[in-house]
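Survey of secondary and tertiary structure
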Amino acid sequence: MAFIELNHVFKTYKNGVSALADINLQINKGEFVFIIGESGSGKSTLNKLLYREEKVNKGNVMVGGVNVSKLKNGNVYKLRRKVGVVFQDFKLLPKLTVYENIAYPLESYGLDNKTIRERVMEAVNRVGLKEKLRSYPDQLSGGEQQRVCIARAIVNKPKLIICDEPTGDLDPKMSREIMDVIDKINTEMGSTVIMSTHDKEIVNRMKKRVVCIHRGVVVSDQEKGKYIEYEDN
Amino acid sequence: MRIIRIFTRGIRVAFKSVFRNLSLSLASISSTSITLVIVGLAILFTFNVNSITKHIEDVLTVIVFVDKNVTDEEINDLKTKINSNDNVNKETLEYRSQDYLKEQLSAKDDDLKKVFETLDTNPLQATFVFRVSDVKKIDETVKEIEQYDHVDYIKYGESLASKLVSMLEVIRNACVITVIALILVTIFLISNTIKITIFSRRHELSIMRLVGTSNTVIKLPFLFEGFIIGIIGSIIPVLLNIFGYTFFYDYVGGDLFSELIVLVNPNSIVYTTSLVLVLVGGLVGMFGSVNAVRRYLKI
Ligand SMILES: Nc1ncnc2c1ncn2[C@@H]1O[C@H](COP(=O)(O)OP(=O)(O)OP(=O)(O)O)[C@@H](O)[C@H]1O
Ligand SMILES: [Mg+2]
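The following refers to the structure shown. Quick caveat: nothing in here was measured; it's all calculated off a predicted structure. For every chain, the first residue of the written sequence is number 1, and numbering continues from 1 along that sequence. By the order in which they are written, chains take letters starting at A while ligands take numbers starting at 1. Given that the model is predicted, a residue must reach a pLDDT of at least 70 before its local features are reported, and side-chain atom pairs must reach 80 or more before they are shown or counted; all residues, however, enter totals for whole chains, interfaces and linings. Side-chain calculation: all heavy atoms of the structure are included, whereas hydrogens and water are not.

Before going further, it helps to spend a moment on the overall build of chain A. Looking only at helices and strands, chain A has 7 helices and 10 strands in total. Relative to the globule expectation of 17 Å for 233 residues, the C-alpha radius of gyration of chain A, 17 Å, shows essentially globular dimensions. With respect to the principal axes defined by its C-alpha atoms, chain A has extents near 50 × 40 × 35 Å. The buried label goes to any residue with under 20% of its type's maximum accessible area, the exposed label to any with over 50%, and the partly exposed label to all in between, with areas taken from a 1.4 Å probe on protein chains only. For chain A, with 233 residues in total, the buried portion stands at 52%. Whether two residues are in contact is decided by their heavy atoms, any of which lying within 4.5 Å being enough. In chain A, of all internal contacts separated by at least 6 residues, the share reaching a separation of at least 24 is 68%. All accessibility values rest on the Shrake-Rupley procedure with a 1.4 Å probe; residue burial counts only the protein chains present in the view. When the accessible area of chain A is evaluated, it comes to approximately 10,700 Å², of which 46% is carbon and sulfur surface. Helix and strand assignments follow DSSP, with helices taken as H or I runs no shorter than four residues and strands as E runs no shorter than two, numbered in order from the N terminus. This radius of gyration counts C-alpha atoms alone. The globule rule is 2.2 Å times how many residues there are, raised to the power 0.38.

So, in structure tokens, the structure goes:
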């Protein structure tokens, strides 16, 4: 069984919008997969199903052998500890320093300070932010904030990292740097990476697996693929 | 160890939150205080009503004067009848014959003794003496016994006393109802405070959920917050209760208006009352939190 499996997954939002229809997808451990597709095609929805922000209407979503679609609300946190999520808008806590932001998950798990410190420093080393640990998020550039967000996502050494347009707000140079950081995490930590993006240049440069979604349906899935712009017929 | 860290973290976050939304917290704290002051009054009042009632029951004897010239058999019948009245405290029922009373009075008073010696007959009336189990029904009981054969008339302590007890009980019941209403209002206010805390921290909460913080850890600070508000709210009522009641007790000198109304000594009740106030404060706070967490913290 693959690390991630989606079998005949359907997702319709409460307002009646059908975001995903009959998605079938398998992703192996350690893979790096781009999810591309035009705005509103269902990329974020797919991500949300993986970390159980949303529930499927039909079908199964398996992550690391766990049927995420059947997970009880009270147990969702166990999944989230194994999944790091990175967003376009970072979602950092403005009143906490960089160090505190990265330590936040571990602190809330009740780990001891020594372990927290070690893990935070390890994560910081991977994303390269050493000099800014005492700064606050609003004192950082977008690229730096995104590094903090990535550090927070990997601080608990997750098996899966989900990135929803992580470079959406960054300029091309910063985007490349961020992509290198994530690529390094993928190869060095062995974490599976799923990244949705609109960034043609990045997709073409990285030469990874590319899954294209259109109107909630997988329309192409290429190994070492290129960015495609899918059009109806 | 982990549990201790999670606990201390919860308390830390809760304290921060109480002081961050200070004006709101103060509103809840004062509401709790007002409620608890009245709870305290109600408790002290109840203690005193119970003690006064008991005291009155202890001292209030009913004296039934028996007709003269009745036979022993008739006396016995009457005794059985009185004994079978529900409100008569059986252990206290006593028969005092004419001779017995004469002896008693003579022993106490030499002049009276001389008077008795000059008389051929005994001028005294035999009596039955008893106390009632329920002072509030004393009037009824007396009326019933007056109807029995060979009862001449009945004397008993002011029926005012029994009216007083009834009145005190009405006041106490009103207190209890007020307290319940105030507790509900306080729970609502605290719940509202916590709701606003939840709302103002929703960004942080969504991040906590995202990074895999367990539901217990997410909820704990809110529960502590209500608890802290409740405990802080109980400080003033506890002080008022201890010093206020002691002062009042000393000021009136232990009894009110008459020796019939004896107040309970502060030392024997203020500490129990304080403990109850702190507990009620904490519980009310927790209830408020649980209510808010259940309704507004969707996890
Ligand atoms: N919470 C929601 N409630 C209702 N409809 C939603 C919700 N979230 C998304 N949708 C709808 O579902 C569809 C897919 O949205 P989704 O966010 O998954 O697209 P996307 O591919 O991530 O788009 P973008 O590239 O703009 O981020 C859209 O039509 C969107 O309007
Ligand atoms: Mg999206």
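Residue and element names in this part refer to chain A. Taken together, 14 residues lie around ligand 1, and Ser39, Gly40, Lys43, Ser44 and Thr45 are the ones closest in. Side-chain atoms alone can form a polar contact between residues adjacent in sequence; in general such a contact is a pair of N or O atoms within 3.5 Å, and within protein one must be able to donate a hydrogen while the other accepts it. Between an oxygen atom of ligand 1 and a main-chain N or O atom of glycine 42, the distance comes to 2.9 Å. One of the side-chain nitrogen or oxygen atoms of lysine 43 is found 2.7 Å away from an oxygen atom of ligand 1. Out of a free accessible area of 630 Å², ligand 1 has 66% covered by protein chains. In terms of residue count, helix α1 (residues 43-50) provides more of the shell around ligand 1 than any other element does, 3 residues in total. Throughout this document, a residue counts as near a molecule or strand when at least one of its heavy atoms sits within 4 Å of that molecule or strand.

All right, on to the side chain of asparagine 241 of chain B then. Residue and element names in this part refer to chain B. Note that asparagine 241 resides in helix α10 (residues 235-252). Side chain to side chain, asparagine 241 and serine 274 meet in a polar contact 2.9 Å long. Once you skip the residues sitting within four places of it in the chain, asparagine 241 turns out to touch Leu44, Thr246, Val270, Thr273, Ser274 and Leu277.

Turning to the pattern of salt bridges, a few remarks are in order. Residue and element names in this part refer to chain A. Definition used for salt bridges: Asp or Glu carboxyl oxygen within 4 Å of a side-chain nitrogen of Lys or Arg. The final tally for this structure, using the stated rule, is 20 salt bridges over all chains. Two residues, aspartate 183 and lysine 208, come together in a salt bridge whose shortest N-O distance is 3.2 Å. Taken together, the positions of aspartate 183 in helix α6 (residues 172-189) and lysine 208 in the loop between α7 (200-206) and β9 (209-214) put the pair 25 residues apart, joining distant regions of the chain. With relative accessibility at 22%, the residue aspartate 183 sits in the partly exposed group. Residue classification places lysine 208 among the buried positions, given a relative accessible area of 18%. Residues aspartate 221 and arginine 209 are paired through a salt bridge, measuring 2.9 Å at the closest nitrogen-oxygen approach. Here aspartate 221 is found in strand β10 (residues 217-222), whereas its partner arginine 209 is found in strand β9, with 12 residues between them in sequence.

Another aspect to go through is α6 of chain A. Residues and elements named next belong to chain A. Taking 1.5 Å per residue, 18 residues should reach 26 Å; α6 reaches 25 Å between its end C-alpha atoms and fits that length. Listed in full, the buried residues belonging to α6 are Ser175, Ile178, Met179, Val181, Ile182, Ile185 and Asn186. Buried residues of α6, viewed axially, fall in a sector of 155°; they line one side. Turned more than 90 degrees off the buried face of α6, the exposed positions are Lys173 and Thr187. Expected span of a helix, by definition, is 1.5 Å for each gap between consecutive residues, and there is one gap fewer than residues. Regarding the arc, it is the one traced by the directions from the helix axis to the C-beta atoms.

Residue and element names in this part refer to chain A. Axis lines are fitted to C-alpha atoms, over the contacting stretch for helices. Their N-to-C directions set the angle, which ranges from 0 to 180 degrees. Close contact between helix α3 (residues 98-109) and helix α5 (residues 142-154) brings their axes to 7 Å; oriented N to C, the two are set at 30°. Judged by the angle between their axes, α3 and α5 are roughly parallel. Here α3 runs over α5; the crossing is right-handed. Residues Val98, Asn101, Ile102 and Pro105 of α3 pack against Val148, Ala151 and Arg152 of α5. Partitioned by chemical class, the residues of the contact of α3 with α5 number 5 nonpolar, 1 polar and 1 charged. For classification purposes, an angle smaller than 35 degrees is called roughly parallel, one larger than 145 roughly antiparallel, one from 65 to 115 roughly perpendicular, and anything else oblique. In this scheme the crossing of two helices becomes right-handed for a clockwise turn of the near helix relative to the far one and left-handed for an anticlockwise turn of less than a right angle. Polar here means any residue other than Ala, Val, Leu, Ile, Met, Phe, Trp, Tyr, Cys and Pro, which are nonpolar, and Asp, Glu, Lys and Arg, which are charged; Gly is therefore polar.

Phi is positive for arginine 215 of chain A, which is not a glycine, with a value near 50°. Inspection of the secondary structure puts arginine 215 of chain A in the loop between β9 and β10. In this structure arginine 215 of chain A comes out as exposed when scored by relative accessible area, which is 60%. Here histidine 150 of chain B, not a glycine, exhibits a phi torsion of approximately 70°, which is positive.

Moving on to the side chain of serine 191 of chain A. Residue and element names in this part refer to chain A. Here serine 191 shows up in the loop between α6 and β8 (192-196). Polar contacts involving the side chain of serine 191 include one to the main-chain carbonyl oxygen of proline 158, which spans 2.9 Å. Setting aside its immediate chain neighbours within four residues, serine 191 contacts Gly30, Glu31, Pro158, Lys159, Ile161, Ile185 and Asn186.

What follows concerns a positive patch on the surface. A grouping of Lys29, Lys78, Lys82 and Lys159 of chain A is seen on the molecular surface, where their side chains present a positively charged patch. With respect to the helices, strands and loops of the structure, lysine 159 of chain A is situated in the loop between α5 and β7 (160-164). Within the patch definition used here, like charges are joined within 9 Å and nonpolar side chains (Val, Leu, Ile, Met, Phe, Trp, Tyr) within 5 Å, considering only residues with over 30% relative accessible area and no salt bridge. Positive charges come from Lys and Arg, negative ones from Asp and Glu, while His and the chain ends are left out of the count. Taken as the charge centre is NZ of Lys, CZ of Arg, CG of Asp or CD of Glu, depending on the residue.

Once that is clear, we can look at the pairing of strand β4 (residues 58-63) of chain A. Residues and elements named next belong to chain A. Note that strand β1 (residues 4-12) and β4 share 5 bridges and pair antiparallel. Directly across from leucine 6, in β4, lies its bridge partner valine 61. Strands are treated as partners if at least two bridges between them are detected by DSSP. Both β4 and strand β5 (residues 66-67) contribute to a ladder of 2 bridges, which runs antiparallel. Paired with valine 63 across the strands is valine 66, a residue of β5. Here β4 folds back onto β5 in antiparallel fashion, the turn holding 2 residues, of which glycine 64 has a positive phi close to 55°.

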